[in-house]
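Listed here are the chains, written in short residue letters.
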Amino acid sequence: MNNVFRILTINPGSTSTKIAVFDNEDLVFEKTLRHSSEEIGQFEKISDQFEFRKKVIEEALDEGGVKISDLHAVVGRGGLLKPIQGGTYVVNEAMIEDLRVGVLGEHASNLGGIIAKQIGDEVNIPSYIVDPVVVDEMNELARVSGIPEIDRKSIFHALNQKATARRAANELNKEYSDSNFIVAHMGGGISVGAHEKGKVIDVANALDGEGPFSPERSGGLPVGDLVKMCFSGKYTQDEIKKRIKGNGGLVGYLNTNDAREVEERIANGDEKAKLAYEAMAYQVSKEIGACASVLKGNVDAVLLTGGIAYSKLFTSMIEERVKFISEVKVYPGEDEMIALAQGGLRVLNKEEEPQVYGCKVECI
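Residues numbered from 1 in each chain as written. Predicted model: local features only at pLDDT ≥ 70, side-chain atom pairs only at ≥ 80, totals over all residues. Heavy atoms only, no water.

1. Quick word on the sheet that holds strand S12 (residues 355-356)
For sheets, the rule is that strands pair by backbone hydrogen bonds, running either parallel or antiparallel. As summarised here, the arrangement of the 7 strands in space is S3-S2-S1-S4-S6-S5-S12, forming an open sheet in which the pairing is mixed. Where the open sheet ends on each side, the last strands, each with one partner, are strand S3 (26-34) and S12. Its contacts with the sheet place helix H13 (residues 336-348) against strand S1 (6-12), strand S2 (16-23), S3, strand S4 (73-77), strand S5 (88-90) and strand S6 (127-130), and it is angled at close to 135 degrees to S1. (Pairing = 2+ DSSP bridges. Helix = DSSP H or I, 4+ residues; strand = E, 2+ residues; numbered from the N terminus. Contact = heavy atoms within 4.5 Å. Axes fitted to C-alpha atoms, helices over the stretch in contact; angles between N-to-C directions.)

Take a look at the structure:
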């Protein structure tokens, strides 16, 4: 008889904390805890929110009839750590320290591992993180930028990309580690990754708005014109950054980041909205084509995922351009909570060895 493992997953966002409890892959409890600006505003740093967020999580579990003593593992969303290989990581002291100090920056997701470890330690069960945004499996060719002082970086939607790739591999009766996929995560930011035998060997830095433009990000820009903007005297550094990430993409062209609203405008005959939306699909298609060349045309499937993958109009525009590469499979949404649970479950079922942050391979 197979073991049933009860797993708590924790996904902190800027104004909310999502929690869910799974018995293996079956959801038994789920809640989104909203945090007002007044509650969050009392803390100077994100790491200072630890006790507050942990308390509201424990209260919600108690109200939901979930006993922490019944859990077998706690899995938190991975934060901005040093670049690491993909996989499920034990939350250790080296990781906690880097999450607390914000070694690569402050983000609410940094709290995921910290809270997971504290709750796990209290009942003597393991705590993990899974495929954080800093997963870096790029090959050396992909790092070369063209300017020696600048290396290309791997920061992308690793959790959903890898979960989607594993799901597709299973449907194709293959192992992820034996498969080649191109995965396009399409949400507020868009990242397109070349997955070769379980490793994302090339992907743009979606956090900084590289790759295709998206609802909120500029994507790769004409460098000369960007340099002119930077030195025009019209913009501060923060204003330029905001144009790239936050006010770029559809927000810049159409003053909205909502793809549904854009489609309504297209249906009502808005030609500007039609051009911007088609251009976004065009750029995603170009990036998929580039990844196909990285994989030398050996592609088992092209996978479209994220919130915008719910749009049949948008996915059909991409499929029309890239179906010559391989079969196109669509997986709408990004179910991060089950992806976290699955990462913990693979370790608990001994299907995968847990990795150790801050350790060389030989010390694991």
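The discussion continues.
2. As for the side chain of Arg346
Relative to the helices and strands, Arg346 is located in helix H13. Within the structure, Arg346 has its side chain in polar contact with the side chain of Glu352 (distance 2.9 Å). Among all residues touching Arg346, those that are not within four sequence positions of it are Thr88, Val130, Arg166, Glu351 and Glu352. (Polar contact = N/O pair within 3.5 Å; in protein donor to acceptor, adjacent residues only side chain to side chain.)

3. Some points on the environment of Val356
Tracing the chain through its elements places Val356 in strand S12. What makes Val356 partly exposed here is its relative accessible area of 26%. (Buried < 20%, exposed > 50% of the residue type's maximum accessible area, 1.4 Å probe, protein only.)

4. Observations regarding unusual backbone geometry
Positive phi is not limited to glycine here, since Asp131 has a value of about 40 degrees. Exposure remark for Asp131: the relative accessible area of 1% places this residue in the buried category. Positive phi values are uncommon outside glycine, yet Lys350 reaches one of about 60 degrees. Within the fold, Lys350 resides in the loop between H13 and S12. When its relative accessible area of 76% is taken as the criterion, Lys350 is described as exposed.

5. Overview of the sheet that holds strand S9 (residues 199-203)
As summarised here, the arrangement of the 5 strands in space is S9-S8-S7-S10-S11, forming an open sheet in which the pairing is mixed. A strand with exactly one partner marks an edge of an open sheet, and here the two such strands are S9 and strand S11 (328-332). Taking the axes of each pair of neighbouring strands and ignoring which way they run, one obtains an average angle of 25 degrees across the sheet. Sheet topology places strand S7 (residues 180-186) next to strand S8 (residues 190-196); 7 bridges connect them, and they run antiparallel. Within S8, the position partnered with Val183 by the bridge is Gly193.

6. Focus: the nonpolar core
Leu8, Ile19 and Leu61 are the most contacted members of the largest nonpolar core, which totals 36 residues. At the level of elements, S1, S2, S3, helix H2 (50-63), helix H3 (93-101) and helix H4 (110-122) are the ones that each hand at least two residues to this core. Looking at this core, the element that brings in the most residues is H2, giving 6 residues. Apart from residues no more than four positions distant in its own chain, Leu61 is found in contact with Leu8, Ile19, Val21, Phe29, Val66 and Ile68. Counting 33 residues, the second largest nonpolar core, distinct from the first, contains Val192, Cys291, Leu295 and Ile308. (Core = buried A, V, L, I, M, F, W, Y, C linked by side-chain atoms within 4.5 Å.)

7. Considerations on the environment of Asp48
Of note, Asp48 is situated in the loop between helix H1 (37-41) and H2. For the pair Asp48 and Arg100, spaced 52 residues apart in the sequence, the C-alpha separation amounts to 8.8 Å.

8. Some remarks on the pairing of S4
For a regular strand, the rule is simple: side chains alternate between the two faces of the sheet. S4 sits mainly inside the fold: 5 of its 5 residues count as buried. In the sheet, S1 pairs with S4 via 4 bridges, with the strands oriented parallel. The residue of S4 that forms the bridge with Leu8 is Val74. Note that S4 and S6 share 4 bridges and pair parallel. Bridge pairing links Arg77 to Val130 in S6.

9. A few points about the environment of Ala158
Within the element layout of this structure, Ala158 appears in helix H6 (residues 158-171). Overall, the relative accessible area of 1% leaves Ala158 in the buried class. Linking Ala158 and Ala142, residues 16 residues apart in sequence, is a C-alpha distance of 17 Å. In this structure Ala158 touches Asp131, Pro132 and Val135, once residues within four positions along its chain are discounted.

10. Quick notes on the pairing of S1
Here S1 lies mainly inside the structure; 6 of its 7 residues are buried. Summarising the sheet, S1 and S2 pair through 7 bridges and their orientation is antiparallel. Within S2, the residue paired with Pro12 across the bridge is Thr17. Taking the residues between adjacent antiparallel strands as the criterion, S1 and S2 are bridged by 3 residues.

11. Brief notes about the packing of aromatic side chains
Inspection of the entire model under this criterion finds 3 aromatic pairs. Look at Phe43 and Phe52: their rings are 5.7 Å apart centre to centre, the planes differ by 35 degrees, and that puts the pair in the tilted class. Owing to a relative accessible area of 16%, Phe52 belongs among the buried residues under this scheme. For the cation-ring pair, Arg100 lies above Phe50, with the distance from its terminal atom to the ring centre recorded as 5.7 Å. (Phe/Tyr/Trp six-rings, centres within 6.5 Å; stacked < 30°, edge-to-face > 60°. Lys NZ or Arg CZ within 6 Å of the ring centre and 35° of its normal.)

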